[in-house]
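Structure assessment
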Amino acid sequence: MINLKHTGLRYDGGPEVLSDINLNLEAGSFHYLTGSSGSGKTSLMRMLHIGLLPTRGDISIFGQDIMQISRQQRADLRRDIGVIFQDFRLLPHLSVYDNIAMPLRLADISETKIETAVTEMLNWLGLKDYKSIKPAFLSGGQQQRVAIARAVITKPKILLADEPTGSLDDYMGDRIMTLFEELNKNGTAVVVATHNKGMIGRFPHHILNLKSGHLIT
Ligand SMILES: Nc1ncnc2c1ncn2[C@@H]1O[C@H](COP(=O)(O)OP(=O)(O)O)[C@@H](O)[C@H]1O
Ligand SMILES: [Mg+2]
C-alpha cells in the first residue's frame, strides 16, 4: 500500500530529519512508530499522508509514484487515508457532528447513512452529548476523540494516527485501540505513533523505531 525507498526529508534546506527510510506497509498490517521526541515521527506521518513530499528517494502509495502525479491526483489518493494529527486540526466553525460527518459528505454518502454512522461513532466514543458543540468548547481528550472519529468513519485503506491516545485515559485509549484493531482486521493498514509502552504491551504489534531520523526495525 505504501512503499518508501531510500527516502529522505529536510525542511527548507536544513539538515535531513529523515534519512534513507525503507519501508513497505502492506494491507492489513499494524505498526507502531516509536522514538524519542524530535526523532521524526510526525514528519514521517506527514510524508505518508502526502502532506510533505520527500526531498530524496521514492515514495509510492497504492502503486502510484507520488512524485510523478498531479496535485489533484494526490488529493484523490489522500481520501483513502485516514489521519489523526497530533494537533487534531478540527474545523472550528463546524459542530462535533459535522466534523465527523465531513469526510462522508465529501464522498457523497446519503445523509441517512451518515446519521447512522456518525451516531454509532459518537456513542462508542462517549461523545453523544456533545454533538452540537464546537470544538473550542471541548477538552483536549474530547477533541482527540472527535479527530479519531473523523479519521476512521470512512473505514480508510490506510490509517495514520500520531500519538492518538496522548490526551486520553487508559480506559478510552484501550477502546480506541480496539476500534483500530477492528478496522485492521478488515484490511486497513494502521500506523500508530506512540510513546505509550503500556499500550504497546496490551496491544502488541510490529514496532518501527526512529532514531534521529533513521528507521531501526
Ligand atoms: N516545520 C518544520 N520546520 C523545520 N523543522 C521541523 C519542522 N517540523 C519538525 N521539524 C524538525 O524535524 C525534527 C523531527 O521532528 P518531528 O517529526 O516533529 O519529531 P517527533 O514527532 O518524533 O517529535 C525535529 O528536529 C524538528 O525540530
Ligand atoms: Mg510528533
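Heads up: the structure comes first, above all this text.
These remarks concern the structure in this document. Since this is a predicted model, take the numbers as computed values, not measurements.

Quick word on the overall build of the chain
Helices and strands together make up the secondary structure of the chain, namely seven helices and ten strands. Within the span of the chain, comprising 217 residues, buried residues form 48% of the whole. Intrachain contacts of the chain at a sequence separation of at least 6 include 69% that bridge at least 24 residues. Accessible surface, the chain as shown: approximately 10,700 Å² in total, 50% of it carbon and sulfur. Between the centroid of the 24 positive side chains of the chain and the centroid of its 22 negative side chains there is a distance of 2 Å.

Overview of the coordination of the magnesium ion (ligand 2)
The protein atoms donating to the magnesium ion (ligand 2) are T42 (OG1) and Q86 (OE1), with metal-donor distances spanning 2.1 to 2.4 Å. One end of the pair, T42, is in helix α1 (residues 41-48); the other, Q86, is in the loop between β6 (81-84) and α3 (96-106), and 44 residues separate them in sequence.

Side note on the packing of aromatic side chains
Going through the model one piece at a time under the given rule, you end up with one aromatic pair. Directly above the aromatic system of F62 lies the positively charged group of K157, at a separation of 5.4 Å from the ring centroid. Here the guanidinium or amino end of R175 rests over the ring plane of W124, the centre of that ring lying 4.0 Å away.

A few points about the sheet that holds strand β3 (residues 30-34)
Each strand in a sheet pairs with its neighbour through backbone hydrogen bonds, running either in the same direction (parallel) or in the opposite one (antiparallel). Read from one edge of the open sheet, six strands run β6-β7-β8-β3-β9-β10, paired in mixed fashion. With one partner strand each, in any of the chains shown, β6 and β10 (214-216) form the two edges of the open sheet. The sheet shows a mean angle of 20° between the axes of neighbouring strands, direction not considered. One ladder, built from four bridges, connects β3 with strand β9 (residues 206-211); its direction is parallel. By the bridge assignment for β9, H31 is matched with H206. Strand contacts of helix α5 (residues 140-152): β6 and β7 (158-162), with the helix running at about 175° to β6, the strand carrying the most contacts.

Thoughts on the sheet that holds strand β1 (residues 2-10)
Read across the open sheet, the four strands follow the order β2-β1-β4-β5; overall the sheet is antiparallel. In this open sheet, the two edge strands, each paired with only one partner strand, are β2 (16-25) and β5 (64-65). Examined bridge by bridge, strand β4 (residues 56-61) and β5 share two bridges and lie antiparallel to one another. Of the residues in β5, the one forming a bridge with I61 is Q64. This element, α1, spans β1, β2 and β4 of the sheet and lies at about 125° to β1.

Parameters and conventions
- Residues numbered from 1 in each chain as written.
- Chains lettered and ligands numbered in written order.
- Predicted model: local features only at pLDDT ≥ 70, side-chain atom pairs only at ≥ 80, totals over all residues.
- Heavy atoms only, no water.
- Helix = DSSP H or I, 4+ residues; strand = E, 2+ residues; numbered from the N terminus.
- Buried < 20%, exposed > 50% of the residue type's maximum accessible area, 1.4 Å probe, protein only.
- Contact = heavy atoms within 4.5 Å.
- Areas by Shrake-Rupley, 256 points an atom, 1.4 Å probe, with all protein chains shown as cover.
- Lys, Arg positive; Asp, Glu negative; His and termini not counted.
- Charge placed at Lys NZ, Arg CZ, Asp CG, Glu CD.
- Donors = N, O, S within 2.8 Å, 3.2 Å for Na, K, Ca; no water.
- Phe/Tyr/Trp six-rings, centres within 6.5 Å; stacked < 30°, edge-to-face > 60°.
- Lys NZ or Arg CZ within 6 Å of the ring centre and 35° of its normal.
- Pairing = 2+ DSSP bridges.
- Axes fitted to C-alpha atoms, helices over the stretch in contact; angles between N-to-C directions.

Such coordinate-based values are descriptive only and should not be taken to indicate function.
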